[in-house]
Amino acid sequence: MERQGRIIKSISGFYDVIDQQTDELVRTRARGNFRKRGIKPVVGDLVNYENSGDLGYILELLPRRNSLVRPPIANIDQAIVVTSAIEPKFSSNLLDKILVNIEHNGIKPLIFLTKTDLISLTDYQSLKDTLRGYQIADYQIFDDQDSYNHKQLQHLENEFTDKVTVFTGQSGAGKSTLLNHINPDLNIATAEISQTLNRGKHTTRQVSLFELSGGLVADTPGFSSLELIDIDKDELPTLFPEFLKYSPECQFRGCKHVNEPGCMVKEKVNSGVIMQSRYDNYLYFLNEINSYKKRY
Ligand SMILES: Nc1nc2c(ncn2[C@@H]2O[C@H](COP(=O)(O)OP(=O)(O)OP(=O)(O)O)[C@@H](O)[C@H]2O)c(=O)[nH]1
Ligand SMILES: [Mg+2]
Ligand SMILES: [Zn+2]
């Protein structure tokens, strides 16, 4: 009988599928014709499968809403961008780059601040002010001084229900630590992957989805830098939600908010409604995209 499910784990040619109807976990293999067509099922894929005894067979992959390459995972609703105050030090440039990449994939970002216990109160206050600036982009911010306090974690967990969530961010920011705080039973190894990454080993660590608070959640390996892959200069301004909000009021249709007169985005930057740092990073990324073009 043909059934529908979602791949939550992939191990050496086997795919563990959660049945959409019964919530049962079924081990499957992909039919040979996938490989022939060059399609590889990934974690997060919705599939039609048949369950014949011990082992099921994936018959068909349903169209993907979105997908990430590193790590390979599909159909993601939201990303928790774990951002540390220090070690590694907060960088608005890197944060904005992560956000732009997430927006490019049609995924909703949420920002979670960690390691505030390692900075002074003054530094915390100013970081908090910076992060509050992202509310104009309608990003939800988790910025309590005690990152892992029960109330804030509860608040975060409430967002998981009926969604597929990935934890992403710089290596060492505290993604796995945060997940362990949410559910100590997960017992995810912390503070070791970054070192392996640096040596260039195990960069394709297995990603799997696990059930948490009524949704599916994945930890992912961190990174130390990021490229703006597949984003062109016309798409870039649309990946800043607060720019998108004001661009209909720009004098020119298709305004890129650079040198055009009557630009409402620039006006909102000047009046402090849009953060200067977001705008500066936008110009920086535009430059970067132009320099990729020259390189290739
Ligand atoms: N003081 C302090 N240390 C933290 C906090 N969050 C995480 N750490 C520590 O930071 C180190 C890195 O944390 P991980 O959870 O392994 O970081 P990660 O983001 O999963 O890193 P990768 O898996 O390499 O991407 C660990 O030693 C954690 O104990 C925090 O809020 N405060
Ligand atoms: Mg980790
Ligand atoms: Zn404009």
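The structure contained in this document is the topic of the report that follows. Fair warning: this is a prediction, and the values are worked out from it, not measured in the lab.

### Regarding the coordination of the zinc ion (ligand 3)
So, step 1. Donor atoms from the polypeptide that coordinate the zinc ion (ligand 3) comprise C250 (SG), C255 (SG), H257 (ND1) and C263 (SG), at 2.1 to 2.4 Å from the metal.
So, step 2. Mapped onto the sequence, the donors of the zinc ion (ligand 3) take the spacing C-x4-C-x1-H-x5-C.
So, step 3. By relative accessible area, H257 is classed as buried at 2%.

### A closer look at empty space enclosed by the protein
So, step 1. In this structure the tally under the stated criterion is one cavity of 30 Å³ or more.
So, step 2. Lining of the largest cavity is provided by 13 residues; of these, V82, T83, S84, L94 and Q170 occupy positions nearest its centre.
So, step 3. Elements supplying a minimum of two residues to the lining of the largest cavity: β8 (78–84) and α2 (92–104).
So, step 4. Grouping the constituent residues of the lining of the largest cavity by class yields seven nonpolar, five polar and one charged.

### Some points on the sheet that holds strand β4 (residues 46–52)
So, step 1. Here five strands make up a closed barrel; going around it, the order is β1-β2-β3-β5-β4 and the pairing mixed. Taking the axes of each pair of neighbouring strands and ignoring which way they run, one obtains an average angle of 55° across the sheet.
So, step 2. When strand β1 (residues 2–11) meets β4, the two strands line up antiparallel, connected through five bridges. By the bridge assignment, R3 is partnered in β4 with Y49.

### Remarks on α2
So, step 1. Between its first and last C-alpha, α2 extends 18 Å over 13 residues, near the 18 Å set by a 1.5 Å rise per residue.
So, step 2. The set of residues buried in α2 consists of S92, L94, L95, D96, K97, I98, L99, V100, N101 and I102.

### What to know about the site of ligand 1
So, step 1. The local shell around ligand 1 holds 18 residues, among which Y148, S171, K175, T177 and A191 are the closest.
So, step 2. The separation between a nitrogen atom of ligand 1 and a polar side-chain atom of Y148 is 2.8 Å.
So, step 3. Burial of ligand 1 by the surrounding chains reaches 81%, relative to a free accessible area of 660 Å².
So, step 4. Among the secondary structure elements, those contributing two or more residues to the shell around ligand 1 are α5 (175–182) and α6 (193–198).
So, step 5. Here the element with the most residues in the shell around ligand 1 is α5; it accounts for three residues.
So, step 6. Split by residue class, the shell around ligand 1 holds six nonpolar, nine polar and three charged.

Quick notes on the rules
Within each chain, residue numbers correspond to sequence positions counted from 1 in written order. The order in which chains are written sets their letters, starting at A; the order in which ligands are written sets their numbers, starting at 1. With pLDDT at 70 or above as the cut-off, local features in this predicted model cover only qualifying residues; side-chain atom pairs require 80 or more to be listed or tallied, and sums for whole chains, interfaces and linings still use all residues. Derived side-chain values reflect all non-hydrogen atoms in the structure, with water molecules and hydrogen atoms excluded from consideration. Each metal's donors are the N, O and S atoms within 2.8 Å of it, or within 3.2 Å when it is Na, K or Ca, and because water is not part of the set, sites may look incomplete. The buried label applies to any residue whose accessible area, calculated with a 1.4 Å probe on protein chains only, is under 20% of its type's maximum; exposed applies above 50%, and partly exposed to all values in between. A 1.4 Å probe that fits but cannot get out identifies a cavity on a 1 Å grid over protein atoms alone, an open set with protein on both sides within 12 Å along at least five of seven lines counts as a pocket, and a residue lines either if it has an atom within 4 Å of a point. Grid points are joined across faces, edges and corners, and a volume is the space filled by probe spheres set on the points. To qualify as a helix, a DSSP run of H or I must reach at least 4 residues; to qualify as a strand, a run of E must reach at least 2; elements of each kind are numbered from the N terminus. Three categories are distinguished: nonpolar for Ala, Val, Leu, Ile, Met, Phe, Trp, Tyr, Cys and Pro, charged for Asp, Glu, Lys and Arg, and polar for the others, with Gly belonging to the last. The pairing criterion is simple: DSSP has to find at least two bridges between the two strands. Lines are fitted to the C-alpha atoms to define the axes, a helix being fitted only along its stretch in contact, and any angle between axes, read from their N-to-C directions, falls within 0 to 180 degrees. In this scheme, a helix's expected span is set at 1.5 Å multiplied by one less than its residue total. For this purpose, a residue is taken to be near a molecule or strand whenever a single non-hydrogen atom of the residue falls within 4 Å of it. What qualifies as a polar contact is a pair of N or O atoms within 3.5 Å, subject to a donor-acceptor requirement within protein and to the restriction that residues adjacent in sequence count only when both atoms come from side chains. Working definition of accessibility: Shrake-Rupley area with a 1.4 Å probe, residue cover restricted to the visible protein chains.

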